[in-house]
Structures are given as C-alpha cells and as structure tokens.
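The lines below spell out each chain.
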Amino acid sequence: MTRLSDKVALITGAASGMGAATARRFAAEGARVMIADLQEEAGSALADELGDAGLFARCDVSIEEDVANAVTVAADRWGRIDCMFNNAGFGGAIGPIDETSAEDFDITMDVLVKGVFFGMRHAAPIMKRQGGGSIVSTASMAARIGGWSPHLYSAAKAAVIALTRSVALEMGEWDVRANCISPGVIETPLAVGRGFTPEAIERFRSETEGQQALNRVGDPDDIAHCAVWLASDESTFVTGQDIVVDGGFSAGRTWRRQPPWMRQAHPIKVYRPPGR
Ligand SMILES: NC(=O)c1ccc[n+]([C@@H]2O[C@H](COP(=O)([O-])OP(=O)(O)OC[C@H]3O[C@@H](n4cnc5c(N)ncnc54)[C@H](O)[C@@H]3O)[C@@H](O)[C@H]2O)c1
C-alpha cells in the first residue's frame, strides 16, 4: 500500500521544476496524475515517462476553459479528482512600481492568482460530489518577507494564502481541505534563470546558499514531499494552512551571518540591586 494509492491528482505547471518533481513523487506513491502545462513537449514526455499513471493536457492556467478542460479530461479518464495542485507560476512583472503598467499587473495576476482561483473553482464541484479532496496551491515565502521578489509577485502570492484560508473555511463542510505551500529558494528553472545551465546553477547556489539556516538551496523534491503529505490521508486534519518549506529562511538571519559580537560567548552580567 503506497501513500497515494487510488488517488487522482491534477498538477498545473507540472512540466518543470517542483511540479514535475511532484508528478513523479505522486506517481511513485500510487497516484494517477494529470500534467497540465503550457509546455507541450516537456509535459507530454513526463506523461509518457509515467506510463498509465500519467496524462498531459496543454493548459494555460490564466484561461478558464483550459483549466476546465484539464479537470474534465482527468475526471473522465479516472472518475475523480482527489488532489488539485495549483502550482503553475512565473516571475511576473519586474521593476519599479512607477514603471509597472496596469497591463503588467493583469498579466501577473492572471497567472498567479486567477490561475489558482480557476483550479479551485473547477475542482470544487467534483470534490464536493465525492465528499472529500485536497486542494494544494503554491504560494511563496515572498508573501511574508519583502525584498526578495518583485512587487506584484509578492502581492499575488499573499493573495494565494488568503484565498486558500477562505476557501478552506467553506469547503470543510464537504471534508475538502485547502492548504498552500510556501517554498523558499528552490533550484528550478524559474529561480535559477539564465538558461538553467550548469554554470547558472553553480552561480545560483553560491549566491543563495547560506541565506537560510540549512546551508543549501532547496530541491524541488523538498516541495514534492510536502505536497505528497498534503495530498495523502496523513494530513486529513490539516486545512487552511500555509506550510512554509524554506530551510529556515523566514526564521531570520542565520547564525553564520550574525555579527561577531553575537557569536562570541561573553560572561553573563547579572543585575544585582545595591546591597545584595
Ligand atoms: N523556485 C523557487 O524558488 C520558488 C519559490 C517560491 C515559489 N515558487 C513557485 O513555485 C511554482 C513552481 O515554480 P518552479 O520554481 O517549479 O518553476 P518552473 O519554471 O520550473 O515551473 C513552472 C511551470 O509552470 C508552467 N507555467 C507557467 N505559466 C503557466 C501558465 N500560464 N499556465 C500553465 N502553466 C504555466 C511552466 O511552463 C513551468 O512548467 C510557481 O508557482 C512559483 O511561483 C518558486
């Protein structure tokens, strides 16, 4: 018996990065997985790799019909949807606020917020009918900590957390759970950029590791493990939560980056009132 035996999952943004890692983990744990992504070649190749457990649908999450179609195809093929993982994303508009246009805003929010909303909206009726399900969405530590991501990206990911909490409160009536995962710095094409070449990965590691308590950058599998848990029956009393998977980044400044006076042991100076 594996952890996701007999479960059906739909993962958006599953052709790359943490979505692809999650698709592989889900399948290894016994789930059947719909891979919904813009990237046809990579998405189809991953579906082929998963054999009978994999299916691909070309899907732009900012287009409601595409999301509805992916949900319908998966539910028709396998009869249910136990986990909807709204994971697709991109960096969105980057730059100073006074140079960010209304169009930049719409394009960013259409993918990062509306895409999540569409996933929830179309999975909800099926999960209500089944009397259960797990909605998981990818937020980000950028929702909580400023200065590491573009303005609109941070705002969009904060919206994902708020939407998750709100939907969890409604869908609990049907035993449907809604949670999100806030990754920290994870080594994927999105975060590494620059073509995801070995040199780019090396530079990315040297620039970013050491910034969190655990002295390495995150691996897509770190997120996949959390997603498996949220999709499984091991987390059936967990809903409305944002699970932070960031190696301790959001905990604060690491010990190795503290100023020397913090790292040195000093004799404790105890205050004693006069006369004692
Ligand atoms: N990598 C990080 O450090 C990090 C940190 C926090 C949050 N995130 C979030 O994690 C999620 C996954 O990103 P990743 O790092 O694995 O990046 P990635 O680029 O490897 O994967 C993202 C996938 O989403 C797909 N995608 C993008 N726009 C889409 C659209 N409109 N419709 C359908 N698919 C679309 C891409 O084709 C790609 O396959 C994103 O939501 C991202 O914002 C990433």
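Residues numbered from 1 in each chain as written. Predicted model: local features only at pLDDT ≥ 70, side-chain atom pairs only at ≥ 80, totals over all residues. Heavy atoms only, no water.

### Concerning the overall build of the protein chain
For the protein chain, the helix and strand inventory stands at nine helices and seven strands. Taken over C-alpha atoms, the radius of gyration comes to 21 Å for the protein chain, in line with the 19 Å a tight globule of 276 residues would show. Its C-alpha atoms give the protein chain principal-axis dimensions of roughly 80 × 45 × 35 Å. Taking the intrachain contacts of the protein chain between residues at least 6 apart in sequence as the baseline, contacts between residues at least 24 apart amount to 66%. If you sum the accessible surface of the protein chain, you get close to 14000 Å²; carbon and sulfur atoms cover 53% of it. Seen as two clouds, the 27 positive and the 35 negative side-chain charges of the protein chain have centres 12 Å apart. (Helix = DSSP H or I, 4+ residues; strand = E, 2+ residues; numbered from the N terminus. Rg over C-alpha atoms; globule rule 2.2 N^0.38 Å. Contact = heavy atoms within 4.5 Å. Areas by Shrake-Rupley, 256 points an atom, 1.4 Å probe, with all protein chains shown as cover. Lys, Arg positive; Asp, Glu negative; His and termini not counted. Charge placed at Lys NZ, Arg CZ, Asp CG, Glu CD.)

### Considerations on the nonpolar core
Counting 43 residues, the largest nonpolar core has Leu10, Met34, Ile81 and Met127 as its most contacted members. Residue contributions to this core peak at eleven residues, all from helix α4 (residues 102–130). Beyond its immediate sequence surroundings of up to four residues, Leu10 is in contact with Met34, Ala36, Ala70, Val71, Ile81, Cys83, Met84 and Phe85. (Core = buried A, V, L, I, M, F, W, Y, C linked by side-chain atoms within 4.5 Å. Buried < 20%, exposed > 50% of the residue type's maximum accessible area, 1.4 Å probe, protein only.)

### A word on the site of the ligand
Near the ligand there are 28 residues, and of these Ser16, Asp37, Asn87, Tyr153 and Thr188 occur at the shortest range. Between the ligand and Gly17 there is a distance of 3.3 Å, counted from an oxygen atom to a backbone nitrogen or oxygen. Here an oxygen atom of the ligand and a side-chain polar atom of Lys157 are 3.0 Å apart. In isolation the ligand offers 830 Å² of accessible surface; the protein chains occlude 92% of this area. (Near = heavy atom within 4 Å. Polar contact = N/O pair within 3.5 Å; in protein donor to acceptor, adjacent residues only side chain to side chain.)

### Regarding helix α7 (residues 198–208)
Taken together, the buried positions of α7 are Ala200, Ile201, Phe204 and Thr208. The arc that holds every buried residue of α7, seen down its axis, measures 100°, which confines them to one face. More than 90 degrees from the buried face of α7, the exposed residues found are Pro198, Glu199 and Ser206. (Arc of directions from axis to C-beta.)

### Focus on the environment of Gln241
As for its placement among the helices and strands, Gln241 is situated in the loop between α8 (220–231) and β7 (242–245). Look at Gln241 and you get partly exposed, because its relative accessible area is 41%. Linking Gln241 and Ala45, residues 196 residues apart in sequence, is a C-alpha distance of 33 Å. With sequence-adjacent residues up to four places away left out, Gln241 is seen in contact with Thr164, Ala178, Asn179 and Cys180. A distance of 3.1 Å separates a polar side-chain atom of Gln241 from the backbone oxygen of Thr239.

### Quick notes on the environment of Ala57
Of note, Ala57 is situated in strand β3 (residues 54–58). Sequence separation of Ala57 and Ala88 is 31 residues, and the distance between their C-alpha atoms is 13 Å. When neighbours within four sequence positions are excluded, Ala57 is seen to be in contact with Met34, Ile35, Ala36, Asp37 and Ala70.

### Looking at the sheet that holds strand β1 (residues 8–12)
What the seven strands build is an open sheet, ordered β3-β2-β1-β4-β5-β6-β7; its pairing is parallel. Since the sheet does not close on itself, it has two edges, and those belong to β3 and β7, each with one partner. Taken over all neighbouring pairs, the strand axes of this sheet differ in orientation by 20° on average, direction set aside. Here helix α2 (residues 40–50) sits on the sheet in contact with β2 (32–37) and β3, set at roughly 165° to β3. (Pairing = 2+ DSSP bridges. Axes fitted to C-alpha atoms, helices over the stretch in contact; angles between N-to-C directions.)

### Some remarks on the side chain of Ser134
Structurally, the position occupied by Ser134 is in strand β5 (residues 133–138). Here Leu230 takes part through its backbone oxygen, which lies 2.8 Å from a polar atom of the side chain of Ser134.

### Concerning the pairing of strand β6 (residues 176–183)
The element β6 is extensively covered by neighbouring structure, given that eight of its eight residues are classed as buried. Burial along β6 is two-sided: the residues Val176, Ala178, Cys180 and Ser182 and Arg177, Asn179, Ile181 and Pro183 are all buried. Across six bridges, the pairing between β5 and β6 is parallel. Note that in β6 the partner of Ile135 across the bridge is Ala178. Each parallel crossover has a hand, and the one from β5 via helix α5 (residues 151–171) to β6 is right-handed. (Right-handed = clockwise from strand over helix to strand, strands pointing away.)

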